[in-house]
Each structure stands twice: as C-alpha cells, then as structure tokens.
Amino acid sequence: MTHPENPETAPDPATRVPPSGGPDVPDVPDAQGAHDAPRRTGSGFGRVLVLVYGIFAISATARASIQLLRDWHEAPVAYGLSALAAVVYIVATIALARGSATSRTVAWTAVTVELVGVLAVGAWSMLDPAAFPKPTVWSDFGIGYGFVPLVLPVVGLTWLWRTRPPQTSTTEPKDRA
Amino acid sequence: MVLPLVLLVVALCAALTGWAGWFVARDRAVVLKQLWGGAVIEGAIVLQMIVAGVLAATGSSASDPVKLWGYLITALFILPVAAVWAFAERSRWSSVVLAVAAITVAFLEWRLWQIWTA
C-alpha cells in the first residue's frame, strides 16, 4: 500500500539476512531465471499486499459477523454488502497468497469484483444515503478506512498484471513448444 | 485506567513501526529481536484483555462489549500472523509487512478506545 516503488520480487543476495530462524523460504529463482519464470503473487511486494488483504478479510469478517448476527434489522442492505465484501477479501487473500495458475485466475476475478463493488457501492451510498443508515467497508468509496478499499483493488490488479506469467500474456501470440 | 493502556500499546506500536521502517530504509529483512518487540505488544494487549474482563466483572463494562472484544481479539491476532508471514520473506518487504501490521494494531487500539469510552 505504501511502497509500490520497487515491485521487483527477487531479493538481492547481498542484503539477505542469514536464514537463522523462521520457516524455510521456498527456492527463489536465481537472478538468471527471475525474469523468465512467472513471479509469485505472494512474495516481495506481494507479501505486503497479501497482508493488507488479510487484514481487510479479518476485519470485514469480524464486522460482518456482528452486523449479520446481531444488528441485521438495522441496515439489511449495508450489512449484506459487508458480508459480500468479507467473502471477496477472503477469496482474494487466499488466491494472492497461493499464486498458482488457478489461484491467479481466482485472484483476477476476486479483485475485479472488489473494484466493481467499491465503485458501485461507493456511488450508490452517495446517491442514496437512505439505503445505508450504517456504513459498510465500501460505502463512500471506503472513506471510513482511509480510502484503502478504493486503492487496494487498483494496486491488486496492477500487481497481478506485473507478475503475470509470460505464457498468459494476451498482447503477444503464444509460442507453442 | 483505560487510556494509559491504550496509549502504551500505541506507543509500542509506533516504536516497532519506526524500527521496521528503519530496516526498510536500510534494505534489511525482519530480525528475531523485532519479533520480541512484537511479543511485548502482545503482552500489553493481553493486559488490556484482563483489565477489560475485570471491568466487565465489576459492572463497568463498555457500552458494546461484543465489539470491544472483537477488536481486542483481532488486535491480538494481527502481529503473530504477520510475524509468520514476514519471516517467510527474506527481503526488505518483510520489514514493510511488520510496519504495516504494527500500524494496523495502533489503528485498532484507537477504535478500541472509541468503543471503550463510548
């Protein structure tokens, strides 16, 4: 969210800390292969992105649970949309963290739904405030969360595009083996 | 009673954010010492839970205890999850992860204080 200046995922070996603790790091392609191999969506800058998605997944789920279980009658439309947002954030978090070919497709879908959702709900909540007596994550374009819900899907889509594997590139004809 | 505890956690989070931010600037990954710093924050959150429990038992609970505990439990889980996630990354991005997690906990504390004093 805050440091998109260098989304290159390959860590510089000179600055690596000796792996003295923590879970083992999956093999990172060396400098030669790093530019050819599809980059994983959950490492490098993607690790920060997945964390932010995870935080939104947790907080939206917690919020939606309370709203749906206890306060459903207060604002059914807003709370239903809160639950939808929670599901979208959960799916996007898991898909971005996994980063397999299937997960990548799921992530594209989830983040696109998220972008459409925040734009649609944001516009709807401004045009018809009566439908939203209580706020959702996405109402007023996510103003209650510092507009992070509005920025997040844009960053997510950009990241998915930048880490796309060469073989799924739509701008170039496929090179069949 | 409540405000000093919230301020304590926020101050600890600010310190951890600064520490992690310094590591980002120095292009370094998270080190174990920083996770001990996170553990201190976890201890302070547990202390908040104890205080919240005692206050509830003595009849002066918050106006919305469900939300209060929702925020307390969420705040408790953020740093451990982020620590595991950050430690799997051996680049400066792990320090960014830790900084973002600490900022999030500070934000949750601010909301917590709002609910507690509502």
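Procedures and definitions
Residues numbered from 1 in each chain as written. Chains lettered and ligands numbered in written order. Predicted model: local features only at pLDDT ≥ 70, side-chain atom pairs only at ≥ 80, totals over all residues. Helix = DSSP H or I, 4+ residues; strand = E, 2+ residues; numbered from the N terminus. Buried ≥ 20, exposed ≤ 12 C-beta atoms within 10 Å, placed from the backbone. Contact = placed C-beta atoms within 7 Å. UniProt positions renumbered as here; feature names shortened; annotations may be inferred. Core = buried A, V, L, I, M, F, W, Y, C linked by C-beta atoms within 7 Å.

Engineer: Before we go on, may I ask you to explain the overall build of chain A in this structure?
Structural biologist: Of the regular secondary structure elements, chain A holds five helices and zero strands. The linear arrangement of helices and strands in chain A, starting from the amino end, is α-α-α-α-α. A total of 177 residues make up chain A; the buried ones form 37% of that total. The contacts of chain A with a sequence gap of at least 6 include a subset with a gap of at least 24, amounting to 64%.

Engineer: Honestly, the UniProt feature "transmembrane region" (unreviewed entry) in chain A in this entry has me stumped. Any pointers?
Structural biologist: Residues and elements named next belong to chain A. Here, UniProt's "transmembrane region" (unreviewed entry) annotation points to residues 48-66, 78-97, 106-127 and 142-161. The straight-line gap between the two end C-alpha atoms of residues 48-66 is 27 Å; of that span, 100% is helix and 0% is strand. For residues 78-97, the end-to-end C-alpha separation is 28 Å, with 100% helix and 0% strand making up the annotated structure.

Engineer: I keep staring at the nonpolar core and nothing clicks. Help me out?
Structural biologist: Inside soluble globular proteins, nonpolar side chains tend to come together where they are buried. L51 and A92 of chain A together with A82, V97, A101 and V105 of chain B are the most contacted members of the largest nonpolar core, which has 74 residues in total. For this core, the elements supplying multiple residues, two or more each, are α2 (45-70), α3 (76-98), α4 (101-127) and α5 (148-162) of chain A together with α1 (2-25), α2 (32-57), α3 (65-87) and α4 (92-117) of chain B. Those residues in contact with V105 of chain B, other than ones at most four positions away along the chain, are C13, I41, A75, I78 and L79 of chain B.

Engineer: Which parts of the structure should I look at to understand the UniProt feature "transmembrane region" (unreviewed entry) in chain B?
Structural biologist: Residue and element names in this part refer to chain B. The positions that UniProt labels "transmembrane region" (unreviewed entry) are, in the present scheme, residues 36-56, 68-87 and 93-113. Its end C-alpha atoms 30 Å apart, residues 36-56 is made of 100% helix and 0% strand. In the segment residues 68-87, helix accounts for 100% and strand for 0%; the C-alpha atoms at its two ends are 30 Å apart.

Engineer: Any chance you could explain the environment of A83 of chain B here in plain terms?
Structural biologist: Residues and elements named next belong to chain B. Relative to the assigned elements, A83 resides in helix α3. Assessed through the 22 C-beta atoms surrounding it within 10 Å, A83 is described here as buried. Separated by 14 residues in sequence, A83 and V97 place their C-alpha atoms 8.2 Å apart. Ignoring sequence-local partners within four residues, the contact set of A83 consists of L35 and G38.

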